[in-house]
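Residues per chain are reported as follows:
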Amino acid sequence: MAFNHLPAAMHDALGPLSATPVTDSVPMATNHGPGRPPESGDSRPSPGTVLDRLTAGAGRAARITHTEHLPPRAGRHAVWPDRIRPEVINAIQLAGVDHPWAHQAAAAEHALDGESVVIATGTASGKSLAYLAPVLTTLLEGSEAPNGRGSTALYLSPTKALAADQRRAVKALAAPLGNSVRPAVYDGDTPVEEREWVRQYANYVLTNPDMLHRGILPAHPRWSSFLRSLRYVVIDECHTYRGVFGSHVAQVLRRLRRVCARYGSDPVFLLASATAAEPASAAGRLTGLPVHEVADDASPRGEVVFALWEPPLTELHGEKGAPVRRTATAETADILTDLTLQDVRSVAFVRSRRGAELVSVIAQERLAEVDRSLVGRVAAYRGGYLPEERRALERALHSGELLGLAATTALELGIDVSGLDAVVIAGYPGTRASLWQQAGRAGRAGQGALAILVARDDPLDTFLVHHPEALFQQPVESTVLDPDNPYVLAPHLCAAAAELPLTEADLALFGPAVPELLPQLVTAGLLRRRTTGWYWTRRERAADLADIRGEGGRPVQIVEAGTGRLLGTVDEGASHTAVHDGAVHLHQGRTYLVKRLDLTDSVALVEEATPPYSTTARDTTAISVLETDTEIPWGGGRLCYGSVEVTNQVVSFLRRRLITGEVLGESKLDLPPRTLRTRAVWWTVTEEQLDAARVNPEQLGGALHAAEHASIGMLPLFATCDRRDIGGVSVPLHPDTLLPTVFVYDGHPGGAGFAERAFHTAHEWLTATREAIASCECEAGCPSCIQSPKCGNGNEPLHKRAAVRLLGELLRSAPPPKTQTPDPPDLPGPRTAEAGADVTG
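Since we're looking at a predicted model, the values are computed, not measured.

Q: Pulling in residues and values, what's your account of the side chain of Glu-560?
A: Tracing the chain through its elements places Glu-560 in strand E19 (residues 556–560). Look at Glu-560 and you get buried, because its relative accessible area is 12%. In this structure Glu-560 touches Arg-565, Leu-567, Tyr-592, Val-606 and Glu-608, once residues within four positions along its chain are discounted.

So this is what it looks like as structure tokens:
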């Protein structure tokens, strides 16, 4: 496969690995967590030594902007509650755990007391064992019932891979208990012939919210014996249930509680979360129940060396002559190559499916130049693979056959891959919670670990690598979700009515928005009102009304045109940007060009090709204000929050040279516009404020546009959102406000809580936006401050200096932060986030 690489003189990936110290480090720690016996004869180098070798090449050391050292931490033991069965304690001890950590024992105590609890501790802190001890005890006791299944437990994970991994772990741990514990996975990959056995005999069922929503709850009579005995519901990686997805899952869990009550059970919820702000509050919003929290992590930790890495500037120039840095993808591929040559077991987290494939392919090419036998030691792991492909990769990870892996967040969620030495993160993942979750995948056996954050060329990443305090001295974010979003709630009310007719007694369970929604559903013909309640009377499945991943529409199948072979799928919502005509699509290391996107049949036809470029879609947006919920005067201007209608259209795509990111050209597209009703925050400025900021009419459009781009980039540091979750529009004279206006909106129907969070943190958010623009070293704007690769207007117009003056005047006129919200978050002053799904009107 041909790639246009940099000349050898410009590329130092395979430079000599001499040790040029750039940081102090201590030997790798040898603390071992529960269930992790020490490795005999472990002679792996310290993380500091590994980093020294990585930075030995020409110019490499200058790319490290900061190195954070987290010292080893000793663990604190406790004893299991006396209600944990001796047989369970014996099984745990046989797994190598003599005593629990203090937080494990505390969580087990809450569970045995019948209290829902969230365990919010660090990666590899033994959260699984904290909930498994009481669950196995209860299942063991239930196995003594006449039917052998007096107690059951349900495990929910956000991914199939994590559920499969947890089944292996539970099966191994519970082996000494014989047939008393019968774990089984029930998901879309489960063979039809096995499903009936799972329903009738399994007492620990591992599934995901999608299967609970579409498969289990609609068929609850077939699960009656399981649900009647349900004692515990385990929700793993619960911090991932945020935004629209989290809001859907919250309603699925309310439906589960309602159906359980029908069969006489009232399960206790046991939630496991990465370290998060206010975990009990977030867990309570998710489940609708009071939840206790256990957040004091008592597990040991090896030394962690965390390096911030900024790729160098190249001699190339981007749009408007802006300087261009080497891509994070190319840097990450080089680092993964060097780590593999050092025999360092590593995973590189890449934000996109295409990026993960590209990192893998480039690393394999580099390794082939040194030793072809190493090519098979590196692979890609992402969502969208067929089930058999995912399973094969997971087996290779567990066996150690793979030494380096380029992965999307499909791997982030807890699959227990022990023995990793290093994690490379290609671009800030959007939240500090995700950053630490990914970094924590190394050192999971208690040894030391190296983590490297490689900055992308955008406002957020550039800010963070130069402001390490925003990463290392701030708490993780609060989880944002809104179960009362009518676009989320309405289809779940229909699904609930199809499961069991809704009654007046059920309404409080689903939240305060229900009384207003039910008459609308009746008027729309979705529900029928009778004296005893509300009924679903249509022939189709009510559960099909809600796509809980928030994607909407049928998945688009990616089919090889010549053979008809199904390569994978892409969400309908992402199809316009990912598999449009002419798009480059990567799958399992092979490159394909999209020949035609058929939106009617939801099929993208592709052919294998070797283009020397990647593609990036561009879109445009128009916005109208439907209703203003609240507004605050900011001098003569106003800060507002309310409902808007957004019309978005993908209009073209850029071709960028591989490795360097150089723009080769732009091609127009003819795709239909899409309309979205959602929530937004917006701010206006007056003519007086523009005069005070010395922004003349010729500069106004560029100033607003630049502020919009940067503010979208900033928001992920203040709300738990991803670049795909938000968008923006700037208009010199908006017809609804009659003033120059900048909008930032939630990219999901009905909103997802992100714009509301922006409204409540607006002073800090826009202060950080101004700082990010002002502190950038470029002359007139670049991708690190005000340019966006997704801008449908080709980053025209932009005016960096006018944006700084405009934001400064706006903030000077603003009330103190405390007037925006009674409890402003403790966040650093200037900070940045990545460029969002911006487009300009």
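Q: Hey, could you go over the packing of helix H24 (residues 762–774) against helix H25 (residues 800–813) for me, with residue numbers and the actual values?
A: The N-to-C vectors of H24 and H25 enclose an angle of 155°; their axes lie 9 Å apart at closest approach. It follows from the interaxial angle that H24 and H25 lie roughly antiparallel. The chirality of how H24 crosses H25 is left-handed. Residue-level contacts link His-763, Leu-766, Thr-767, Thr-769, Arg-770, Ile-773 and Ala-774 of H24 to Lys-800, Ala-803, Val-804, Leu-807, Gly-808, Leu-810 and Leu-811 of H25. Its residues assigned to classes, the contact of H24 with H25 shows eight nonpolar, four polar and two charged.

Q: An account of the pairing of strand E24 (residues 613–634) is requested, with residue identities and associated values reported.
A: The pairing of E24 with strand E25 (residues 637–657) spans 20 bridges and is classified as antiparallel. Paired with Glu-631 across the bridge in E25 is Cys-640. If you look at the hairpin formed by E24 and E25, you'll find two residues sitting between the two strands, and Gly-635 has a positive phi there, around 65°.

Q: Just give me the short version of the sheet that holds strand E3 (residues 152–156), but keep the residues and values in it.
A: Strand order across the open sheet formed by seven strands is E4-E5-E3-E6-E7-E2-E8, with parallel pairing between neighbours. The open sheet has two edge strands, strand E4 (183–185) and strand E8 (292–294), and neither has a second partner. Ignoring strand direction, the axes of neighbouring strands in this sheet form an average angle of 20°. As judged from the three bridges shared by strand E2 (residues 117–120) and E8, these two strands associate in the parallel manner. Bridge pairing links Ile-119 to Val-294 in E8. The strands that helix H4 (residues 127–142) touches are E2, E3, strand E5 (204–207), strand E6 (230–235) and strand E7 (268–273); relative to E6, the one it contacts most, it runs at about 165°.

Q: Hey, could you go over helix H22 (residues 697–714) for me, with residue numbers and the actual values?
A: The end-to-end C-alpha distance of H22, which contains 18 residues, comes to 26 Å, matching closely the 26 Å that a straight helix rising 1.5 Å per residue would cover. The element H22 is largely enclosed, with a buried count of 16 among its 18 residues. Capping the start of H22, Asn-696 holds a side-chain oxygen 3.0 Å from the backbone nitrogen of Glu-698, two or three residues further along.

Q: I'd like to hear about the packing of aromatic side chains, residue by residue, with values.
A: Under the definition given, this model contains 11 aromatic pairs. Between the aromatic rings of Tyr-131 and Tyr-155, the centroid separation amounts to 6.5 Å while the plane-to-plane angle is 40°, which identifies the pairing as tilted. In this pair, Tyr-131 sits in helix H4 while Tyr-155 sits in strand E3, placing the two residues 24 residues apart along the sequence. For Tyr-131, a relative accessible area of 1% translates into the label buried. For Tyr-155, a relative accessible area of 0% translates into the label buried. Through a chain of ring-to-ring contacts, three or more aromatic side chains come together here, namely Tyr-131, Tyr-155 and Tyr-204. Positioned above the aromatic ring of Tyr-535, the side-chain terminus of Arg-530 is 4.9 Å from the ring centre.

Q: Can you explain the sheet that holds strand E12 (residues 346–350)? Please cite residues and give values.
A: In space, the seven strands of this open sheet follow the order E1-E9-E16-E15-E12-E14-E13, with mixed pairing throughout. Of all strands in the sheet, those with a lone pairing partner are strand E1 (64–70) and strand E13 (378–381), marking the two edges. Put simply, the sheet's adjacent strands are angled 15° from each other on average, direction ignored. Bridge count for strand E15 (residues 422–426) against strand E16 (residues 449–454) is five bridges, and the pairing is parallel. In the strand pairing of E16, Ala-422 is matched with Leu-450.

Q: A description of the nonpolar core should follow, citing residues and the corresponding values.
A: Core analysis: the largest hydrophobic core is formed by 85 residues, its most contacted members being Phe-306, Trp-634, Trp-683, Leu-715 and Trp-765. With eight residues, H22 is the single largest residue contributor to this core.

Q: Hey, could you go over the confidence of the model for the chain for me, with residue numbers and the actual values?
A: In the predicted model, the chain carries a mean pLDDT of 86, and the fraction of residues at 70 or more is 89%. Contacts of residues 1–41 to residues separated by more than four positions or lying in other chains number 107 contacts, the stretch itself having pLDDT below 50. This model gives residues 819–841 a pLDDT under 50, and the stretch forms 108 contacts once residues within four places in sequence are excluded.

Reading guide: rules and limits
- Residues numbered from 1 in each chain as written.
- Predicted model: local features only at pLDDT ≥ 70, side-chain atom pairs only at ≥ 80, totals over all residues.
- Heavy atoms only, no water.
- Helix = DSSP H or I, 4+ residues; strand = E, 2+ residues; numbered from the N terminus.
- Buried < 20%, exposed > 50% of the residue type's maximum accessible area, 1.4 Å probe, protein only.
- Contact = heavy atoms within 4.5 Å.
- Axes fitted to C-alpha atoms, helices over the stretch in contact; angles between N-to-C directions.
- Parallel < 35°, antiparallel > 145°, perpendicular 65-115°, else oblique.
- Left-handed = near helix turned anticlockwise from the far one by under 90°.
- Nonpolar A, V, L, I, M, F, W, Y, C, P; charged D, E, K, R; others polar.
- Pairing = 2+ DSSP bridges.
- Expected span 1.5 Å × (residues − 1).
- Polar contact = N/O pair within 3.5 Å; in protein donor to acceptor, adjacent residues only side chain to side chain.
- Phe/Tyr/Trp six-rings, centres within 6.5 Å; stacked < 30°, edge-to-face > 60°.
- Lys NZ or Arg CZ within 6 Å of the ring centre and 35° of its normal.
- Core = buried A, V, L, I, M, F, W, Y, C linked by side-chain atoms within 4.5 Å.
- pLDDT = per-residue confidence, 0-100.

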